[in-house]
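This is what each chain is made of:
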Amino acid sequence: MKYIHIIYRLLIILLVAVSCELDNYDGPDASFYGSILDYETNEPIEQDIINGTQIEYIEHGFANPITQYMVIKNDGTFRNDLMFSGTYTMILVRGNFIPTDSMEIEVTSGNNERDFIVQPYIRVVDANIQKSGNKITASFKLDQTVTNTVKGIGLYAHPEPTVGQPMNIVKSEQTLNVVTNPETVYNLEIDLTANSNLLKPGKQYYFRVGALINVAQAKYNYAPAVRIGI
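Rules behind the numbers
- Residues numbered from 1 in each chain as written.
- Predicted model: local features only at pLDDT ≥ 70, side-chain atom pairs only at ≥ 80, totals over all residues.
- Heavy atoms only, no water.
- Pairing = 2+ DSSP bridges.
- Helix = DSSP H or I, 4+ residues; strand = E, 2+ residues; numbered from the N terminus.
- Axes fitted to C-alpha atoms, helices over the stretch in contact; angles between N-to-C directions.
- pLDDT = per-residue confidence, 0-100.
- Contact = heavy atoms within 4.5 Å.
- Phe/Tyr/Trp six-rings, centres within 6.5 Å; stacked < 30°, edge-to-face > 60°.
- Lys NZ or Arg CZ within 6 Å of the ring centre and 35° of its normal.
- Salt bridge = Lys/Arg side-chain N within 4 Å of Asp/Glu carboxyl O.
- Buried < 20%, exposed > 50% of the residue type's maximum accessible area, 1.4 Å probe, protein only.
- Core = buried A, V, L, I, M, F, W, Y, C linked by side-chain atoms within 4.5 Å.
- Polar contact = N/O pair within 3.5 Å; in protein donor to acceptor, adjacent residues only side chain to side chain.

Ordered in space as β9-β10-β13, the three strands form an open sheet in which the pairing is antiparallel. Each having just a single partner strand, β9 (122-132) and β13 (186-191) make up the two edges of the open sheet. Mean inter-strand twist for the sheet, computed between neighbouring axes without regard to direction, equals 20 degrees. Pairing geometry for strand β10 (residues 135-144) and β13, over six bridges, is antiparallel. Bridge pairing in β13 links T137 to E189.

Of all residues in the chain, 89% have pLDDT values of 70 or greater, and the mean over the chain is 92. Counting interchain partners and residues more than four positions distant, the pLDDT-below-50 stretch residues 2-8 has zero contacts.

According to the stated counting rule, one finds six aromatic pairs in the structure shown. Clustering of aromatic rings is evident, with ring pairs tying together F32, F78 and F116. Looking at R79, its charged tip hangs above the ring of Y33, at a distance of 4.3 Å from the centre. Here the guanidinium or amino end of R208 rests over the ring plane of Y222, the centre of that ring lying 3.9 Å away.

Inspection of the entire model under this criterion finds ten salt bridges. We note a salt bridge from D48 to R208, for which the minimum N-O separation is 3.9 Å. Of the two residues, D48 is situated in the loop between β1 (30-38) and β2 (54-59) and R208 in strand β14 (residues 204-213); the sequence distance between them amounts to 160 residues. As far as burial versus exposure is concerned, D48 and R208 are alike and both buried. R79 is the salt-bridge partner of D81, the closest N and O atoms lying 2.9 Å from each other. Salt bridges here are not isolated pairs; linked through shared partners, they connect D38, E40, R123 and D143.

To continue, consider the nonpolar core. Among soluble globular proteins, nonpolar side chains are generally buried collectively. Counting residues in each nonpolar core, the largest one holds 35 residues, and the members touching the most others are I136, L142, L155, L199 and F207. Of all the secondary structure elements, the ones that give two or more residues to this core are β9, β10, β11 (150-158), β12 (170-178), β13 and β14. At seven residues, β14 tops the list of elements feeding residues into this core. In this view, F207 contacts I129, I136, L155, Y156, A157, I190, L199, P224, A225, V226 and I228; residues no more than four positions away in its chain are not counted. If you look at the next biggest cluster of nonpolar residues, it comprises 19 residues, including A30, I45, I55 and M90.

Take the side chain of N112 next. Its location among the elements puts N112 in strand β7 (residues 110-113). From its side chain, N112 meets the backbone oxygen of T108 in a polar contact 2.7 Å long. Sequence-distant contacts of N112, that is, excluding residues within four places in its chain, are made with A30, S31, F32, Y33, E106 and V107.

Attention now moves to the sheet that holds strand β6 (residues 103-107). Sheet architecture is open: four strands sit in the order β3-β2-β5-β6, paired in antiparallel fashion. Each having just a single partner strand, β3 (68-71) and β6 make up the two edges of the open sheet. Across the sheet, the mean angle from the axis of one strand to that of its neighbour is 35 degrees, orientation sign disregarded. By the bridge criterion, four bridges tie β2 to β3 in an arrangement that is antiparallel. The partner of E56 across the bridge, within β3, is Y69.

Next up, the structure:
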């Protein structure tokens, strides 16, 4: 029994030593952050946090590097505080803007701010979302930057500000399939009485309007979400 205890302790010491050796590497030393900006307005381009735009990046210096992804937030910003300094190949994927080329970016130790300037497919402008009687009404215009048709528009509701086409509890959508006129005012509404089991009186919800261009793999373009008590 005594020998068993000795062997057991030696095994523990060996495992601890190996563990310490394996973990003896420098940790992440860099932060990489910024915004996806409209090339004309210089404003962040609203996104979907679920299945929305991502930054795909590959770190140089490895024989078989893995592809990693950085999620873009709803407000068009991104941040990764767990990066290693070095050279990366980066590309924006699955966007709501004209695709960009991949680029090599040097990330140094410490803070690295980098904005990506792109051309959105659509700008949702002059958006006005409000409670009117027993309805949530939305009016807005669409400013297309490409000649493709607009597939459709939508008004979306959710308890969280991450509301959008892939994340909503109530929605009102309309199919268009047209090239829009920038002076046309579009109107959508959600009937609160008909949806009282989901949108409960006395509580607050986020509402957001968006439009989808007719381009393969394109994502919705949005106006900022609005919080409304019902």
